[in-house]
Amino acid sequence: MQSHESIREAARSYAEGQISPSDARVEIEVGKLDKRLRLHSCSEALESFSPPGRQGGSKLTVGVRCEGDKPWTIYVPVTLAQYKTILITTRDLARGSTIGQADIRLEERDVSRLRRGYFMQPSEVLGKKVKRTTRRNQILLPSQLTAATAVERGSMVTIMARTGGIQVRMKGKALSRGAVGERIQVQNLSSQRKVEATVIEPGVVEVIL
C-alpha cells in the first residue's frame, strides 16, 4: 500500500512551491488522512496539482494522484501560516486615546488571515487615535485608527504658499478640520480668497501655486 506519509509529503512539497517569496516565516500544516484509507503503491512518482476552483488564503486543497498501473487521486487539506513581526498593544486603550511609544510593541504573529492589513513600523501609528476601545495584546489594524486632528475648523492657521523656489507665509482661517496629509478648505484673511490646502503640521497648511 502507498504510505500516507508519502502522500502528505507530496502535498507539502507542492504547497511550498506555491508560496511567493516574502519576508514572512511560513509554516505548513498538512491534514492527516483517514487511517482506513488504503491505496495501492504507485508504480510511478506521485503527481501533485491544484484542483479546479478558487483557492487562496491560508487554506488550500492539494490534489495528489498516481498515474501508474492502478491509478488513484486524493485531495489533501493544507493550512499555511505566515508569521511577521507586527505591532500589538501593550495595554488597554480607551476610545479616542492617542497612541504613544509605550502603548505598542513588536511581536511575531500569524498574518495569513489579516485581510484588513496590519502595521510593522511604530512611525505608522504613533500620534494616531483609536476609534474604539482596544484591548491589551491586540493586533493594531488600519480600520481601528484615525489620524489625530492637526487643524480644527475655525482655527487660525499659517498658509504657506509655494511657487517655484519662492515661499510666502500668510494668515488664514480653517474652514474645515483635518489631519496631517489631508486637504482642507482655508480662507486667506488678507484677500478673503478661499483655497484648498494640505495640512503639513498642526496649525500650518500648504498651497502649491
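It should be noted that the structure appears before, not after, this text.
Residues numbered from 1 in each chain as written. Predicted model: local features only at pLDDT ≥ 70, side-chain atom pairs only at ≥ 80, totals over all residues. Heavy atoms only, no water.

A. Molecular detail of the pairing of strand β3 (residues 59-66). With three bridges connecting them, strand β2 (residues 47-49) and β3 associate as antiparallel partners. Residue pairing in the sheet places Ser-48 in a bridge with Val-64 of β3. As defined by bridge partners, β3 adjoins strand β4 (residues 72-89) across eight bridges and the pair is classed as antiparallel. By the bridge assignment for β4, Gly-63 is matched with Tyr-75. If you look at the hairpin formed by β3 and β4, you'll find five residues sitting between the two strands. (Pairing = 2+ DSSP bridges. Helix = DSSP H or I, 4+ residues; strand = E, 2+ residues; numbered from the N terminus.)

B. The packing of aromatic side chains, seen in detail. Using the criterion set out here, one finds one aromatic pair in the structure. With 6.1 Å between their ring centres and 80° between their planes, Phe-49 and Tyr-75 make a pair best called edge-to-face. Separated by 26 residues along the polypeptide, Phe-49 in strand β2 and Tyr-75 in strand β4 bring together distant segments of the chain. Positioned above the aromatic ring of Tyr-83, the side-chain terminus of Arg-25 is 4.5 Å from the ring centre. Looking at Arg-65, its charged tip hangs above the ring of Phe-49, at a distance of 4.1 Å from the centre. (Phe/Tyr/Trp six-rings, centres within 6.5 Å; stacked < 30°, edge-to-face > 60°. Lys NZ or Arg CZ within 6 Å of the ring centre and 35° of its normal.)

C. Structural view of the nonpolar core. Ile-7, Ala-11, Val-64, Trp-72, Ile-74, Val-76 and Val-78 are the most contacted members of the largest nonpolar core, which totals 18 residues. For this core, the elements supplying multiple residues, two or more each, are α1 (4-18), β1 (25-30), β3 and β4. By residue number, the principal contributor to this core is β4, which donates five residues. In this structure, Val-64 is in contact with Ile-7, Ala-10, Ala-11, Leu-46, Glu-47, Ser-48, Phe-49, Trp-72, Thr-73, Ile-74 and Val-76, ignoring residues within four places of it in sequence. Val-151, Val-157, Ile-159 and Ile-184 belong to the second-largest nonpolar core, a separate cluster that totals twelve residues. (Core = buried A, V, L, I, M, F, W, Y, C linked by side-chain atoms within 4.5 Å. Buried < 20%, exposed > 50% of the residue type's maximum accessible area, 1.4 Å probe, protein only. Contact = heavy atoms within 4.5 Å.)

D. Region of the structure containing the environment of Leu-209. Tracing the backbone through its elements, the reader meets Leu-209 in the segment after β14 (204-208). Looking at Leu-209, the relative accessible area reads 62%, which means it is exposed. Every residue in contact with Leu-209, bar those within four places of it in the chain, is listed here: Ala-161, Arg-162 and Thr-163.

E. Broad picture of the side chain of Ser-112. Topologically, Ser-112 is positioned in the loop between β5 (104-110) and β6 (129-130). Accessibility expressed as a relative area gives 6% for Ser-112, which makes it buried. Among the polar contacts made by the side chain of Ser-112, one reaches the side chain of Asp-110 at a distance of 2.7 Å. If we skip the residues at most four places from it in the chain, Ser-112 touches Ser-58, Leu-80, Ala-81 and Gln-82. (Polar contact = N/O pair within 3.5 Å; in protein donor to acceptor, adjacent residues only side chain to side chain.)

F. Seen up close, the sheet that holds strand β10 (residues 166-174). Overall, mixed pairing links the five strands, which are arranged β9-β10-β12-β13-β14 in a closed barrel. Between one strand axis and the next, the sheet turns by 50° as a mean value, whatever way the strands run. Where strand β9 (residues 156-163) and β14 come together, five bridges link them in parallel fashion. Bridge pairing in β14 links Arg-162 to Ile-208. (Axes fitted to C-alpha atoms, helices over the stretch in contact; angles between N-to-C directions.)

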